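# Analysis of the macromolecular model
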Amino acid sequence: MTAPILYNYDLDENCYRVRLVASCLGVALTLHGIDMYPGREHLGAAMRALNPAGRLPVLQDGDLLLTQTEAILMHLAEAHAPTTPLLPQDAATRARMMDWLAFCARDLGVAAQARTCAMLDAPGDAQALRASARACLRLMEDHMVKQGIRGCGFFAGPAATLADLALFPAFALSRDFNVDHDEFPALRLWARRVRRLPGFITMPGIPDYH
Amino acid sequence: MTEDAWVPLALSSMIEVGTSAGAVVQGQEIVVWRDSSGVAHTWEDRCPHRGMKMSFGFVRGDHIACLYHGWEYDQAGQCRYIPAHPQLEVPKTICVKTWAVAEAAGMIWVALGAVPPPPAEAEVTALRSLYLDAPLAAVLAALPEGFGGTLAGQVPLVTLDTDLGTLRIGVQPIDARRTALHLTVAGPATPDTLLALATRSDAFRLSLETAGAAA
């Protein structure tokens, strides 16, 4: 079986989500580098042919072409590592994982926008994006405060799932858009647990320690 | 107010061995970190080399290292190792400013001025730290009605008698617009009680900040 191809830009946080999950699943990827900044290659004709939305990541796995981060994460787990503990089998835990994956896809998009606006010249109202991203991190903090009281160290339960790996980059990279970690003690402890998961890898902007 | 007092920076349980975090008290940036033997430290949050925040760095045994260039400081704030010059005996003049630290009643405290007698001990259960976009006076004024209870005591430690138990609250004035509350419950508390209090703390922050935005 040939390895799935990830059209990748190292500084893009959604591409990192895919690399991180693949690494934790033990799934090898073939990386195809795309010059997102300053080259804007993701907006060119060749990449538009793969993803008309002009966004990364894009995953090509045989005949299957996927362009949404959370769908890519689910596919890598289900097709290439179906027995992984990161994909809970119990229905309630799986549903909680899906709830947070949807949060990641819908709500937390502002954090990626805040970061590309601050760092990569993407358009947007930097102040408003920062405020929205901080509000999302507060929701995550409030949830992990309660998870801590329940004796659960991760978002969907006592063990890590794909949701934790999908949520991690937004917190780990928040200093890129000037939201420090001071106000998020429960997320700091959670991030430390994520860093210890087997296969964990970093990206530029996320220090490699612990 | 905070010049010659202990000011709480964090719940003890949230600063694990081998970790660091940033905290601000009336504009002063502080790094709080816990070394491998479990002892907490409160220093100025600035590496003397290039001014990088030490709270971005990492703890290695009984040293904390700066994220930029790996300069390592011992428990007294003295630089001990510069990776780019491994043979160098580091000059004594390279050190981080340190402040007195105390750990009591479930919190880590710093004294930025003259060191007062140690803060009082108490048996508590940690609830959470709550960061509020509101000035200290507005937070204190809103607590009795917003959280529900009777307020007593004085900053930096107030108590709030609620129907779910007595909260012991460490108050950290961050700057003119922001305040942190380190919430603990006096004595033991069940998970159900703590969950109810955590939910109430979310609602308190929302009502306080909504009122502040409308004012």
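Owing to the predicted nature of the structure, the values given are computational and were not obtained by experimental measurement. Numbers given for residues are sequential positions, taken from 1 along each chain in its written order. All chains are assigned letters beginning at A, and all ligands numbers beginning at 1, according to the order in which they are written. pLDDT decides what is reported in this predicted model: residues at 70 or higher carry local features, side-chain atom pairs at 80 or more are listed and counted, and totals for whole chains, interfaces and linings draw on all residues regardless. Where side-chain values are given, they derive from all heavy atoms of the structure, hydrogens and water being excluded.

## Section: the pairing of strand E1 (residues 6-11) of chain B
Residue and element names in this part refer to chain B. For clarity, the threshold we go by: Burial status follows relative accessibility: with a 1.4 Å probe on protein chains alone, a residue under 20% of its type maximum counts as buried, one over 50% as exposed, and anything between as partly exposed. Strands here mean DSSP runs of E at least two residues long; helices mean DSSP runs of H or I at least four residues long; both are numbered from the N terminus. Should DSSP find at least two bridges between two strands, the strands are taken to pair.
With 6 of 6 residues buried, E1 lies mostly within the body of the structure. Bridge count for E1 against strand E10 (residues 107-111) is 5 bridges, and the pairing is antiparallel. Its bridge partner lying in E10, Leu11 is registered against Met107.

## Notes on the sheet that holds strand E15 (residues 179-186) of chain B
Residues and elements named next belong to chain B. So the rule is basically this: For every element, the axis is a line fit to its C-alpha atoms; helices are fit only across the contacting stretch, and the angle between N-to-C directions ranges from 0 to 180 degrees. In what follows, residue pairs with any heavy atoms lying within 4.5 Å of each other are defined as contacts.
Taken in spatial order, the 5 strands make up an open sheet running E11-E15-E14-E13-E12, and their pairing is antiparallel. On the outer flanks of this sheet lie strand E11 (124-132) and strand E12 (150-154), each paired with one strand and no other. Sheet twist, expressed as the average angle between the axes of neighbouring strands with direction ignored, equals 25 degrees. Bridging between E11 and E15 involves 8 bridges; their strand directions are antiparallel. Bridging from a neighbouring strand, Thr125 pairs with Val185 of E15. In the packing of helix H1 (residues 136-148) onto the sheet, contacts are made with E11, E12, strand E13 (157-162), strand E14 (165-173) and E15, and the angle to E13 comes to roughly 15 degrees.

## Observations regarding the packing of aromatic side chains
As a reminder, the rule being used: Aromatic contacts are taken between Phe, Tyr and Trp rings whose centres are within 6.5 Å, Trp giving its six-membered ring; a plane angle under 30 degrees counts as stacked, one over 60 as edge-to-face, and the others as tilted. Placement of a charge over a ring requires the Lys NZ or Arg CZ to be within 6 Å of the ring centre, with the centre-to-atom vector within 35 degrees of the ring normal.
Using the criterion set out here, one finds 8 aromatic pairs over all chains in the structure. When the centroid spacing of 5.0 Å and the interplanar angle of 70 degrees are considered together, the rings of A:Trp100 and A:Phe103 count as edge-to-face. Note that A:Trp100 and A:Phe103 are positioned in helix H4 (residues 91-106) at a spacing of 3 residues, about one turn of the helix. For A:Phe103, a relative accessible area of 10% translates into the label buried. Site record: aromatic cluster; members linked through ring pairs are A:Trp100, A:Phe103, A:Phe155, A:Phe168, A:Trp190 and A:Phe200. Over the face of the ring belonging to B:Phe56 we find A:Arg175, whose NZ or CZ atom lies 3.8 Å from the ring centre.

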